[in-house]
Number of protein chains: 2
Amino acid sequence: MKVSTADPAPATRLPAALADGVFPAGCPSRTLLDHITSKWGVLILLALSEGGQRWSELRRRAEGVSEKMLAQTLKTLERDGLVSRKAQPVIPPRVDYSLTERGYELSALLVPLVAWAFENADDIINGPRTD
Amino acid sequence: MKVSTADPAPATRLPAALADGVFPAGCPSRTLLDHITSKWGVLILLALSEGGQRWSELRRRAEGVSEKMLAQTLKTLERDGLVSRKAQPVIPPRVDYSLTERGYELSALLVPLVAWAFENADDIINGPRTD
DNA sequence: TAAGGTACTGGCATGAAAGTTAGTACCGCC
DNA sequence: GGCGGTACTAACTTTCATGCCAGTACCTTA
C-alpha cells in the first residue's frame, strides 16, 4: 500500500521499522512516549536540560506540579534511565537530579519542540481567530 | 539565581522568554503542549506527516484508537490549525485529513522525537535491566 | 432485503490520573 | 517550644480522559 503519493515532501521521515506506517498498539515506544510526553515529564526534562537541580527548584520551575506528581514523574524518568538521582546523606536532606546522557539526547529533541510550542501557543490558543 | 554551573554544555537552549526558567502555570503553551503531546495527538500528527490520509486509514495506523478519540483529537488539532479537513460531499462520505503548513513545521520536530523513542524504547522499557 | 462500509455523534460507565491532606525525621531559627 | 524548611510517602477523593456501545444517512454488494 502506497501512502505518500503527491504530498509536500516531508523532510523528516518516520522510522522505517513501521510496517505499513502502522503504530503498533503493544509497542514499548507507546509506553516510553507516554512517559516523556506526559504533562509533567516534558517540563521536568526541559528544566533539567539546563543542568542539575534540586527537588525544591524543580517544584518551583514546573509551576503547579504537586509533590506527588513530581515524585512520581521523577521516579518514572529515573527508571527509564533518563534522570539520575544523587542523594546526599546530609542532615537537611539534599537530593540533586540531573539528566543522564540518554536524557540529554532526548532533551536535545524535546527542547526545540517546546520552544516551537512556546512561540506558537499564544497565536494558536488565544489566536487571531475570534470565534 | 544562577542555574547552570558546571554541567555538560546543553547544545539546546530553552526559550529566553522563560523568566528564571520557570514554566508558568497559566501559559497557553501548556495547553498547546497538552494537545500535541496527547496520547493520540502525537500518533495522528506522525501519521499525517507522511501525507494526507482518510479517516479509516488514520484509524488503522494509530492502532487502538477509538472512533471517538480519533474524532476528538482531529477536531482539536484542526482547531489549532495543525490539521486541515477536506470533506467531499460524495455519496459514500470521503474526508481527507492533512497537515497544514504549521502542522508540517511541528511534525518536523515531532518526527525525530518519536524516532528516538522508537529506537530506544525496547532498551528502556523491556531493557537490559532484569529487575 | 439484509448486511456492510464510510464518517461520524452522543450517552453512560469506568478506571486511571491527578489533586488534597496528612505524616515522617531531623534540623535551624526566633 | 513551635514553626518552617527539605524531601519525601501513603491514603483518600475527585476529576477527567478514555472506552464501549448504539445510532445516523446513504450507498453498494450479495
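Our subject is the structure listed above.
One structure accompanies this document, and this report is about it. Predicted, not measured: the structure shown is a model, and the values here were computed from it. (Residues numbered from 1 in each chain as written. Chains lettered and ligands numbered in written order. Predicted model: local features only at pLDDT ≥ 70, side-chain atom pairs only at ≥ 80, totals over all residues. Heavy atoms only, no water.)

## Brief notes about the interface of chain A and chain B
Selection criterion: Contact definition: two residues touch when any of their heavy atoms are within 4.5 Å. Note: buried area is the sum, over both parts, of the accessible area (probe 1.4 Å) each one loses when the two are combined. We define a salt bridge as a side-chain nitrogen of Lys or Arg found within 4 Å of a carboxyl oxygen belonging to Asp or Glu. Polar contacts here mean pairs of N or O atoms no more than 3.5 Å apart (in protein, one a potential hydrogen donor and the other a potential acceptor; neighbouring residues in sequence count only if both atoms are side-chain atoms).
The partner chain B presents 72 residues to the 72 residues of chain A that form the contact. Both sides together, the interface formed by chain A and chain B hides about 6,400 Å², and carbon and sulfur atoms give 68% of it. Here chain A and chain B share 2 salt bridges between them. Between D123 of chain B and R102 of chain A there is a salt bridge whose closest N-O contact spans 2.5 Å. Along the contact surface separating chain A from chain B lie 13 residue pairs in polar contact (both at pLDDT 80 or more).

## Some points on the relation of the copies chain A and chain B
Put simply, the rule reads: What sets the superposition is a least-squares fit of C-alpha atoms, and only residues with pLDDT of at least 70 in both copies go into it.
Each copy of the sequence occupies a distinct position, and chain A is placed on chain B by a rotation of 180° and an axial shift of 0.0 Å, giving an RMSD of 0.0 Å. Within this description, the copies of the chain are treated as partners about a two-fold rotation axis. When C-alpha distances to the rotation axis are compared across chain A, the minimum falls at T37 of chain A, with a value of 2.7 Å. With an isologous cut-off of 70% or more, the 100% of interface residues of chain A that recur at the interface of chain B puts this contact in the isologous class.

## Topic: the protein's contact with DNA strand C
What counts, and what does not: The near set for a molecule or strand comprises every residue that places at least one heavy atom within 4 Å of it. Helix and strand labels come from DSSP, where a helix needs a run of H or I of at least four residues and a strand needs a run of E of at least two; each type is numbered from the N terminus.
The environment of DNA strand C is formed by 18 residues, the closest being K68 and I91 of chain A together with R54, E67 and R85 of chain B. Within 4 Å of the protein, the contacting atoms of DNA strand C are drawn from sugar and phosphate to the extent of 62%. Between DNA strand C and Y97 of chain B, the relevant distance is 2.7 Å, taken from a phosphate oxygen to a side-chain nitrogen or oxygen of the residue. Mapped by element, the contributors of at least two residues to the surface near DNA strand C are α2 (39–48) and α4 (67–79) of chain A together with α3 (55–61), α4 (67–79) and β3 (94–99) of chain B. Element by element, the count of residues in the surface near DNA strand C is highest for α4 of chain B, at 4 residues.

## Describing the protein's contact with DNA strand D
What counts, and what does not: Basically, the charged four are Asp, Glu, Lys and Arg, the nonpolar ten are Ala, Val, Leu, Ile, Met, Phe, Trp, Tyr, Cys and Pro, and anything else, Gly included, counts as polar.
The local shell around DNA strand D holds 18 residues, among which E67, R85 and Y97 of chain A together with K68 and I91 of chain B are the closest. Among the atoms of DNA strand D close to the protein, meaning within 4 Å, 67% are from sugar or phosphate groups. In this structure, a phosphate oxygen belonging to DNA strand D sits 2.7 Å away from a side-chain N or O atom of Y97 of chain A. With respect to DNA strand D, the side chain of K68 of chain B contributes an N or O atom lying 2.5 Å from a base oxygen. Put simply, the parts of the chain that give the surface near DNA strand D at least two residues each are α3 (55–61), α4 and β3 (94–99) of chain A together with α2 (39–48) and α4 of chain B. Looking at the surface near DNA strand D, the element that brings in the most residues is α4 of chain A, giving 4 residues. Partitioning the surface near DNA strand D into residue classes produces 8 nonpolar, 2 polar and 8 charged.

## Comments concerning the environment of P112 of chain A
Following the sequence through the fold, P112 of chain A ends up in helix α5 (residues 101–126). With sequence-adjacent residues up to four places away left out, P112 of chain A is seen in contact with S107 of chain A together with L109 of chain B.

## Considerations on the sheet that holds strand β2 (residues 83–88) of chain B
Residue and element names in this part refer to chain B. Worth spelling out the cut-off: A pair of strands is treated as paired once DSSP finds two or more bridges between them. To get an axis, a line is fitted to the C-alpha atoms, and for a helix only the part in contact is used. The angle between two axes follows their N-to-C directions and goes from 0 to 180 degrees.
Across the sheet, which stays open at both edges, the 3 strands sit in the order β1-β3-β2 with antiparallel pairing between neighbours. Of all the strands in the sheet, just β1 (53–54) and β2 have a single pairing partner and so form its edges. Both β2 and β3 contribute to a ladder of 6 bridges, which runs antiparallel. Looking across to β3, one finds that V83 is bridged to L99. This element, α2, spans β1, β2 and β3 of the sheet and lies at about 95° to β3.

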